[in-house]
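Chain by chain, the residues run as shown.
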Amino acid sequence: MRRETGGKAELSGAVREFDVLSRLRARLSGGMRPGEVHMGDDAAVLSAPTGRQLFATDLVVDGVHFDLGLGSVEDAGWKALAVNVSDIAAMGGLPTHAVAAVAAPSGTDLDGLFRGLEKAAAEYGVVLVGGDLSRGSALAVAVAILGEMDGLSPVLRRGARAGDELWCTGPLGGSAAGLALLRAGRGREEPCVQAYLRPSARPGEGRVAARIGATAMIDVSDGLAQDISHIASESGVGVLLESVPVFAGACEREALGGGEDYELVFTAPPGTPVV
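Draft legend 1. Representation of the overall build of the protein chain. Looking only at helices and strands, one finds eight helices and nine strands in the protein chain. Counting the 275 residues in the protein chain, one finds 47% classified as buried. Excluding contacts between residues fewer than 6 apart, the proportion of contacts in the protein chain whose partners are at least 24 apart in sequence is 81%.

Draft legend 2. Region of the structure containing empty space enclosed by the protein. Using the criterion set out here, one finds two cavities of 30 Å³ or more in the structure. In this structure, the largest cavity spans a volume of roughly 70 Å³. Forming the walls of the largest cavity are Phe 66, Asp 67, Leu 68, Gly 71, Ser 72, Asp 75, Ala 76, Lys 79, Tyr 196 and Leu 197. Contributing elements (two or more residues each) for the lining of the largest cavity: helix 2 (73-89) and helix 5 (191-197). Within the lining of the largest cavity, the residues separate by chemical class into five nonpolar, two polar and three charged.

Draft legend 3. Up close: the pattern of salt bridges. Enumeration according to the criterion identifies seven salt bridges in this entry. Taking the shortest distance from any N to any O, the salt bridge between Glu 74 and Arg 115 comes out at 2.8 Å. Residue Glu 74 is found in helix 2, and its partner Arg 115 is found in helix 3 (residues 110-124); the two are separated by 41 residues along the sequence. Here Lys 119 makes a salt bridge to Glu 74, at a shortest N to O gap of 2.8 Å. Here Glu 74 lies in helix 2 and Lys 119 lies in helix 3, a separation of 45 residues in the sequence.

Draft legend 4. Examining the layout of surface pockets more closely. Considered as a void within the structure, the largest pocket measures approximately 560 Å³ in volume. Along the wall of the largest pocket there are 32 residues; nearest its centre are His 65, Ser 221, Asp 222, Glu 260 and Tyr 262. Elements supplying a minimum of two residues to the lining of the largest pocket: strand 3 (53-61), helix 2, helix 4 (174-183), strand 8 (216-219) and helix 7 (224-235). Considering every element that reaches the lining of the largest pocket, the biggest residue donor is helix 4, with four residues. Its residues placed into classes, the lining of the largest pocket shows 15 nonpolar, seven polar and 10 charged.

Thresholds, definitions, all that
- Residues numbered from 1 in each chain as written.
- Predicted model: local features only at pLDDT ≥ 70, side-chain atom pairs only at ≥ 80, totals over all residues.
- Heavy atoms only, no water.
- Helix = DSSP H or I, 4+ residues; strand = E, 2+ residues; numbered from the N terminus.
- Buried < 20%, exposed > 50% of the residue type's maximum accessible area, 1.4 Å probe, protein only.
- Contact = heavy atoms within 4.5 Å.
- 1 Å grid on protein atoms, 1.4 Å probe; cavity = no way out; pocket = protein on both sides within 12 Å on 5 of 7 lines; lining within 4 Å.
- Points joined across faces, edges and corners; volume = space filled by probe spheres on them.
- Nonpolar A, V, L, I, M, F, W, Y, C, P; charged D, E, K, R; others polar.
- Salt bridge = Lys/Arg side-chain N within 4 Å of Asp/Glu carboxyl O.

Take a look at the structure:
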């Protein structure tokens, strides 16, 4: 059964999947191209891109990738979509369509969760075209996302060459510092707290990097040190790190190892006009 409490849809007892999904379908009825079908059938029908297509998926789970004791279900919905946009951004692509599968315990505020997904989708120009809903012991949101290269070549991790320069799209460590503040009982108003609760993907910057000739790229999800090691390993090169951009309120240790910043790190030949 589903009950309404304070205007919020909640799961109570058996998950009323069709009821909830029909309400979501009504909320996400826009963005269809001619000939497309989004929610309501066994699969979405989408227009095929003219060039190469990107396809990624990422899963966020309460207690692992976020903490509902520190943030809201709306934050969780935002993050679930944003981290997938970041994967497309790290290839230099344009995010286009996504589906979201949700497993949630009884009492979960589904309206809040879908609101977070919707807000992130609107921010990044993504059309939510379907999904699934089930009951689970912990909130988990799995998003699968499509992207297009729109004439550019995908930027892989393995293209860095000896002599390339290493660039980052923004300061790091904010997410880790924000998590520490939340655990210490500090409020949401701090910029680094927002960096943890509502991470920002960088698809625009990823497009620019691809356009100017970036040779390798990755998003900073595991921490700068770990993620640049992925580029180095895939490309067969070493890395000399001379400086680290640190988020205001964070420390270099958090920038190097905190993770979940979702800035992009890319390599480019010396003299590339990146700024």
